[in-house]
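# Structural features, examined
Okay, here's what each chain looks like letter by letter:
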Amino acid sequence: MNVFDSIAQVQEQTTKWVREGKTIGFVPTMGYLHEGHERLMEEARKENDKVILSIFVNPLQFGENEDLDQYPRDHDHDVSVAEKYGVDLVFLPTEDTMYPAPLTLNISVVRRADVLCGRSRPGHFEGVVTVLTKLFNICQPTRAYFGMKDAQQVAVVDGLIQDFNFPVQLVRVPTVREADGLAKSSRNVNLSHSEREEAPSIQAALSHATDLVRKGERNPEEIIQSVREFLDSRTRGKIDYIELLSYPELEPVHSIDQTVILAVAVYYEKARLIDNVVMGKDGVSELR
Ligand code: PAF
């Protein structure tokens, strides 16, 4: 496995692979790898001749009051995990390598970004699409792997690939869960004992919603209200949002007659948890 920090080294290697007709699976990350990332590497390994993992904490996607400086880093651990999952190349650039000079262009995300988590993180998705544009050009992937825990990011990346015609296949990978259904997150360790016991109710609330749709409920307001009552009776966490939108467009819907996402965010004392389900009009979740 190669660990490269220069763009030229990576581009030289990926250009060679592309010429040889090799498929390249790409897993972009900000490091501090956990089981969610491991699932992405596993999928990439299964489907491609070569696998690239990038590790870069992208300053452009952090707001002024966000935790860029506190963002956890452990490169030695990450490189050994990459090795274990059969990654061929780790790209580990510095900030100066990725952003040697102020950018001339600014990509604005004009849809899919002003709802859900994007509402409270202005500029976040602009940062994500900017770094991914660079990473796609450097790594030249055939397929790029993203976890559905961040379903909004997946929707925005889908827009990036469509709008700019990147020859990249977006692979959506299901959320990795604990045995009791709680979506895996590095933030789960910040839950108190009783909060941890209550937190699986978030996923249970999503299943409750798919049951309602399966039984014929089509009214988004009714579903949201029922999910709110479900959560209120099972957890003391404070609901940040419960939204039901078309997917991947993330537009409001008046009736469930297409693929939709139901997304939930709940505040606990020291952690804000998010989860979602993407389902068809028959209430069957599209990714498990
Ligand atoms: O999901 C992440 O870790 C980041 O947003 C990504 C896709 C690596 C871009 O910096």
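In this report, we go over the structure that sits alongside the text.

Calculation notes
Residues numbered from 1 in each chain as written. Predicted model: local features only at pLDDT ≥ 70, side-chain atom pairs only at ≥ 80, totals over all residues. Heavy atoms only, no water. Salt bridge = Lys/Arg side-chain N within 4 Å of Asp/Glu carboxyl O. Helix = DSSP H or I, 4+ residues; strand = E, 2+ residues; numbered from the N terminus. Buried < 20%, exposed > 50% of the residue type's maximum accessible area, 1.4 Å probe, protein only. Near = heavy atom within 4 Å. Polar contact = N/O pair within 3.5 Å; in protein donor to acceptor, adjacent residues only side chain to side chain. Areas by Shrake-Rupley, 256 points an atom, 1.4 Å probe, with all protein chains shown as cover. Nonpolar A, V, L, I, M, F, W, Y, C, P; charged D, E, K, R; others polar. Expected span 1.5 Å × (residues − 1). Pairing = 2+ DSSP bridges. Axes fitted to C-alpha atoms, helices over the stretch in contact; angles between N-to-C directions. Contact = heavy atoms within 4.5 Å. Arc of directions from axis to C-beta.

### Some words on the pattern of salt bridges
- In the structure shown here, the tally under the stated rule is 15 salt bridges.
- One salt bridge in this structure joins Arg-196 and Asp-180, with 3.0 Å as the shortest N-O distance. Residue Arg-196 is found in helix 8 (residues 193–198), and its partner Asp-180 is found in the loop between strand 6 (169–173) and helix 8; the two are separated by 16 residues along the sequence.
- Residue classification places Asp-180 among the partly exposed positions, given a relative accessible area of 38%.
- Connected through salt bridges with shared partners, the residues Lys-16, Glu-20 and Lys-22 form a single ionic network.

### Overview of the site of the ligand
- Residues in close proximity to the ligand include Pro-28, Thr-29, Met-30, Asn-58, Gln-61, Val-128, Val-131, Phe-146 and Gln-153, which together make up its full environment.
- The separation between an oxygen atom of the ligand and a polar side-chain atom of Gln-153 is 2.7 Å.
- For the ligand, whose accessible area on its own is 290 Å², the fraction buried by protein is 88%.
- Looking at the shell around the ligand, the elements with two or more residues in it are strand 2 (24–29) and helix 6 (124–139).
- Residues that form the shell around the ligand fall into these classes: 5 nonpolar, 4 polar and no charged.

### Re helix 6
- Across its 16 residues, helix 6 extends 22 Å between first and last C-alpha, which sits within 8% of the 22 Å expected from 1.5 Å per residue.
- Of all the 16 residues making up helix 6, 13 are buried; the element is thus mostly covered by neighbouring parts of the structure.
- Trailing helix 6 by a residue or two, Gln-140 shows a phi angle of about 50°, which is positive.

### Details of the sheet that holds strand 4 (residues 89–91)
- Here 6 strands make up an open sheet; going across it, the order is 1-4-3-2-5-6 and the pairing parallel. Every other strand in the sheet has two partners, leaving strand 1 (2–4) and strand 6 as the edge strands with one partner each. Adjacent strand axes in the sheet meet at a mean angle of 25° when their direction is disregarded.
- As paired strands, strand 5 (residues 143–147) and strand 6 are joined by 5 bridges and run parallel to one another. If you follow Arg-143 over to strand 6, its bridge partner there is Gln-169.
- Here helix 1 (residues 7–19) sits on the sheet and contacts strand 1, strand 2, strand 3 (50–55) and strand 4; the angle it forms with strand 4, its principal contact strand, is near 145°.

### With respect to helix 10 (residues 220–232)
- Taking 1.5 Å per residue, 13 residues should reach 18 Å; helix 10 reaches 18 Å between its end C-alpha atoms and fits that length.
- Taken together, the buried positions of helix 10 are occupied by Pro-220, Ile-223, Ile-224, Ser-226, Val-227, Phe-230 and Leu-231. Looking down the long axis of helix 10, one finds its buried residues gathered within 165° of arc, a one-sided arrangement. More than 90 degrees from the buried face of helix 10, the exposed residues found are Glu-221 and Asp-232.
- Looking at the packing, one finds that the buried side of helix 10 touches helix 9 (200–214), strand 7 (238–246) and strand 8 (260–267).
- The backbone nitrogen of Glu-221 has a side-chain oxygen 2.9 Å away, supplied by the residue at the start of helix 10, namely Asn-219.

### Quick look at the sheet that holds strand 7
- With antiparallel pairing, the 3 strands of this open sheet are ordered in space as 7-8-9. The sheet terminates laterally at strand 7 and strand 9 (272–279), the two strands that pair on one side only. Strand-to-strand twist of the sheet, defined as the mean angle between neighbouring strand axes without regard to direction, takes the value 10°.
- In this sheet, strand 9 lies alongside strand 8 in antiparallel orientation, the contact comprising 8 bridges. Looking at strand 9, one finds that Ile-261 is bridged to Val-278.

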